[in-house]
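Listed below, chain by chain, are the residues.
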Amino acid sequence: MTTPPLAPYPHTRLRRVRQSDWVRRLVRETEVRPSDLIWSMVVHEGEGTIPVASMPGVERLSVKEAAKAAVRARDLGIPAIAIFPHIDGSRKDAAGSIAADPDGVIPRAVKAMKDAAPEVGIMCDVALDPFTDHGHDGVVEGGKILNDATIERLIEQGLMQADAGADILAPSDMMDGRIGKLRAALEGANYQDVMIMSYAAKYASAFYGPYRDAIGSAKLSAGQGDKKTYQMDPANTEEAIREVALDIAEGADMVMVKPGMPYLDILRRLVEEFRMPTYAFQVSGEYAMIMAAAQNGWIDKDRAILESLTAFKRAGAAGIITYFAPWAAEKLGA
């Protein structure tokens, strides 16, 4: 698109449309609404709420509290919640055996939340790392994360989540081919309406630390390597195009970029390239940095949060997965 020539100053004064709040609102190009938000939430196996030290303002919620949160989301106009489990370390093992437990905290939370607020969509993380004692997202053998063996476990987990009533399955493991296998399994089990939001461009980022604290994920110990063999290299763009193209071809209904703010260029390019519903995950490290700076008086918390959410929408995101969702929805709905 060609930009028309502008009249020279003083006939053009761009500050004219910035002089008052009413005109700034009138010409505003990007607007964030509660309907753009997916509330990222951690549920735990016990009772009540437990604060997450590295994420001020975030709490792990019991199943009962998660059901209350679903009602709150509905009342705030938040369309969906993404839930992640905190599992007691004594119940974890190398295989992540309880990931597909139909009586586990995730299926119980899904059922309770759907009973309390059926209008709110529930998205479940499909990955093994919350359940493994080594902290990897897959099956490990000889220090190597096995792709196809991991997919078999993920299918079991995803079908269990669909059985519980999950609306969206979100595989975050970054195994090759898992979207196609999961889509086929859902079709075969008559879950044609269950959607898949793929963590299609998930980078091996330094911004996930507080999340691992929130879910109690085991820190990778000596000899366990890192996640760079399956999560993407932060230096790469073209690889993201290939990852997303494959996931769309395999049946993903929506795709995601994770983390969010450091990867706005990736988000923008994916939106322009594929014209698919594309989401940004404002991850725990992004949340923690804003909150820590605000608590120290270094930034204005309210403005920083809303500015960060606007950046995702401006870059083309269909929506944002964020721990700030209930706070932002209250502000935006006011």
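Residues numbered from 1 in each chain as written. Predicted model: local features only at pLDDT ≥ 70, side-chain atom pairs only at ≥ 80, totals over all residues. Heavy atoms only, no water.

**Side note on the packing of aromatic side chains**
Short version of the rule: Each Phe, Tyr or Trp ring (for Trp, its six-membered ring) is paired with any other whose centre lies within 6.5 Å, and the angle between the two planes then decides the class: stacked below 30 degrees, edge-to-face above 60, tilted in between. We count a stretch as a helix when DSSP gives it H or I for four or more residues in a row; a strand needs E for two or more, and each element gets its number in order from the N terminus. The rule is simple: take the accessible area with a 1.4 Å probe, protein chains only, and divide by the maximum for that residue type; under 20% is buried, over 50% is exposed, in between is partly exposed.
Inspection of every chain in the model, using the stated rule, returns 7 aromatic pairs. Ring geometry for F84 and F281: centres 6.1 Å apart, planes at 50 degrees, overall tilted. Of this pair, F84 sits in strand 4 (residues 80-86) while F281 sits in strand 11 (residues 278-282), and the two are 197 residues apart along the sequence. No difference in accessibility class separates F84 from F281, as the two residues are buried. Seen from their ring centres, Y287 and F324 are 4.4 Å apart, and the 35 degrees between their planes marks the pair as tilted. You can see Y287 sitting in helix 9 (residues 284-295) and its partner F324 sitting in the loop between strand 12 (319-322) and helix 11 (325-333), a full 37 residues away along the chain.

**Re the UniProt feature "active site" (unreviewed entry) in the chain**
The following threshold applies: UniProt positions are given in the numbering used here, feature names are shortened, and annotations may be inferred rather than shown by experiment. By definition in these notes, contact holds between two residues if any of their heavy atoms fall within 4.5 Å. Counted as a polar contact is a pair of N or O atoms within 3.5 Å, where, for protein atoms, one must be capable of donating a hydrogen and the other of accepting one, and residues adjacent in sequence contribute only when both atoms are in side chains.
According to UniProt, the positions carrying the feature "active site" (unreviewed entry) are K202 and K258. Separation in sequence by 57 residues is not matched in space for these annotated residues, since their most distant C-alpha atoms are only 4.8 Å apart. Position of K202 among the secondary structure elements: in strand 9 (residues 195-202). In this structure K202 touches D137, S172, M174, Y208, Q231, M232 and K258, once residues within four positions along its chain are discounted. Polar side-chain contacts of K202 include one of 2.9 Å to the backbone oxygen of S172. Tracing the chain through its elements places K258 in strand 10 (residues 254-258). Apart from residues lying up to four places away in sequence, K258 is in contact with Y199, A201, K202, Y203, Y208, F281 and V283.

**Looking at the environment of W39**
Residue position: W39 is located in strand 1 (residues 37-44). Linking W39 and A80, residues 41 residues apart in sequence, is a C-alpha distance of 6.5 Å. Apart from residues lying up to four places away in sequence, W39 is in contact with A69, R72, A73, I78, A80, I81, A82, T322, A325 and P326.

**Quick notes on the side chain of T132**
Assignment of secondary structure puts T132 in the loop between strand 5 (121-126) and strand 6 (139-141). When its relative accessible area of 0% is taken as the criterion, T132 is described as buried. In this structure the side chain of T132 is engaged in a polar contact, spanning 3.2 Å, whose partner is the backbone nitrogen of G135. Within the local environment of T132, its side chain forms a polar contact with the backbone oxygen of H136, the two atoms lying 3.0 Å apart.

**Some details on the nonpolar core**
To be explicit about the condition: Buried residues of nine kinds, namely Ala, Val, Leu, Ile, Met, Phe, Trp, Tyr and Cys, make up a nonpolar core once their side-chain atoms join them within 4.5 Å.
Formed by 106 residues in total, the largest nonpolar core has its most connected members in M41, I81, I83, M113, M197 and I321. Element by element, the count of residues in this core is highest for helix 2 (residues 63-76), at 7 residues. Those residues in contact with M113, other than ones at most four positions away along the chain, are M41, A66, A67, A70, I81, I83, P118 and I122.

**So, unusual backbone geometry**
A cis amide bond links Y9 to the next residue, P10, at an omega of 10 degrees. By secondary structure assignment, the location of P10 is in the segment before helix 1 (21-27). Of note, the bond from K258 into P259 is cis; its omega dihedral lies within 30 degrees of zero at -5 degrees. In this fold, P259 is placed in the loop between strand 10 and helix 8 (264-274). Phi is positive for M174, which is not a glycine, with a value near 70 degrees. Along the chain, the position of M174 falls in the loop between strand 8 (168-171) and helix 5 (178-188). Exposure remark for M174: the relative accessible area of 3% places this residue in the buried category. Positive phi outside glycine occurs at R275, with the angle close to 55 degrees. With respect to the helices and strands, the residue R275 is situated in the loop between helix 8 and strand 11.

**Let's talk about the UniProt feature "binding site: Mg(2+)" (unreviewed entry) in the chain**
Mapped onto this structure's residue numbering, the UniProt feature "binding site: Mg(2+)" (unreviewed entry) falls at E243. With a relative accessible area of 14%, E243 lands in the buried category. Setting aside residues no more than four positions away along its own chain, E243 makes contact with M174, A200 and M232.

**Here we look at the pattern of salt bridges**
Threshold: Any Lys or Arg side-chain nitrogen located within 4 Å of an Asp or Glu carboxyl oxygen qualifies as a salt bridge.
Applying the stated rule across the entire model yields 19 salt bridges. Of the charged contacts in the structure, one is a salt bridge between K227 and D129, with a shortest N-O distance of 3.8 Å. In this pair, K227 sits in the loop between helix 6 (209-215) and helix 7 (238-250) while D129 sits in the loop between strand 5 and strand 6, placing the two residues 98 residues apart along the sequence. Taking the relative accessible area as the measure of exposure, D129 reaches 5% and is therefore buried. When the shortest N-O distance is used, the salt bridge between K227 and D137 registers 2.7 Å. You can see K227 sitting in the loop between helix 6 and helix 7 and its partner D137 sitting in the loop between strand 5 and strand 6, a full 90 residues away along the chain. Of the two residues, K227 and D137, neither departs from the other in class, the shared state being buried. A cluster of three or more residues bridged by salt bridges with shared partners is formed by D129, D137, K202 and K227.

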